[in-house]
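# What the coordinates show
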Amino acid sequence: MSKWKYKLQQLMAGRYGADDLYKALFGGYALLLVLNIFVRSPFLSLLMWGLLILMLFRSFSRNYVKRAQENQQFLRLWNPLRRKWHLSQRKVRERKTARFRTCPHCKTVLRLPVKRGSHTATCPHCKKDVSVRILF
Ligand SMILES: [Zn+2]
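Residues numbered from 1 in each chain as written. Predicted model: local features only at pLDDT ≥ 70, side-chain atom pairs only at ≥ 80, totals over all residues. Heavy atoms only, no water.

The name given to the protein in an unreviewed UniProt entry is Zn-finger containing protein, with Proteiniclasticum sediminis as the source organism.

Have a look at this one:
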């Protein structure tokens, strides 16, 4: 067992390995795999092979700089989506105790207590007053 582990370490030495883009590609591959069980499309199979080859190419690549740049470009697109997803989850989770509004001055998301009606809140980031209307 440790011999195989050593061989794997030798194989991966100096190679890029897995990163966030790798995980996303793997997620896309898994999604297509499940989808293809029902659809059985040769186009999806081809796309899956493409993703697999791209994943292997990236993780075995020795060009760290280029792969890291690709990952940064991916994260620049992915992180805002992830933030929106987490905020929407939080809105559902805290729906009984809080409402979320965006500050019109600095675009910071404000977490406000549920207090029905129109009132003013002070943004903790830019210290400006924000008029808030909570209907329900
Ligand atoms: Zn603000």
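Ligation of the zinc ion by protein atoms is provided by Cys-103 (SG), Cys-106 (SG), Cys-123 (SG) and Cys-126 (SG), these donors lying 2.2 to 2.3 Å from the ion. Geometry at the zinc ion is tetrahedral, judged from the 4 donor atoms that bind it and their angles of 104 to 115° at the metal. Positions of the donor residues of the zinc ion, expressed as sequence spacing, correspond to C-x2-C-x16-C-x2-C. (Donors = N, O, S within 2.8 Å, 3.2 Å for Na, K, Ca; no water. Tetrahedral: all angles 85-135°; square planar, octahedral: opposite > 155°, others 65-115°.)

What follows is about the packing of aromatic side chains. What describes a pair of aromatic rings is the distance from one ring centre to the other and the angle between the planes of the rings. In the structure shown here, the tally under the stated rule is 2 aromatic pairs. Here Tyr-16 and Tyr-64 contribute two aromatic rings whose centre-to-centre distance is 5.6 Å and whose plane-to-plane angle is 75°, an arrangement assigned as edge-to-face. Of the two residues, Tyr-16 is situated in the loop between helix H1 (2-12) and helix H2 (20-39) and Tyr-64 in helix H4 (residues 64-93); the sequence distance between them amounts to 48 residues. Residue class for Tyr-16 comes out buried when judged on its relative accessible area of 15%. Judged by centre distance (5.8 Å) and plane angle (15°), the ring pair of Phe-74 and Trp-78 falls under stacked. Taken together, the residues Phe-74 and Trp-78, both in helix H4 and 4 residues apart, mark about one turn of the helix. Positioned above the aromatic ring of Trp-4 is the side chain of Lys-7, whose terminal nitrogen or guanidinium carbon lies 5.3 Å from the ring centre. (Phe/Tyr/Trp six-rings, centres within 6.5 Å; stacked < 30°, edge-to-face > 60°. Helix = DSSP H or I, 4+ residues; strand = E, 2+ residues; numbered from the N terminus. Buried < 20%, exposed > 50% of the residue type's maximum accessible area, 1.4 Å probe, protein only. Lys NZ or Arg CZ within 6 Å of the ring centre and 35° of its normal.)

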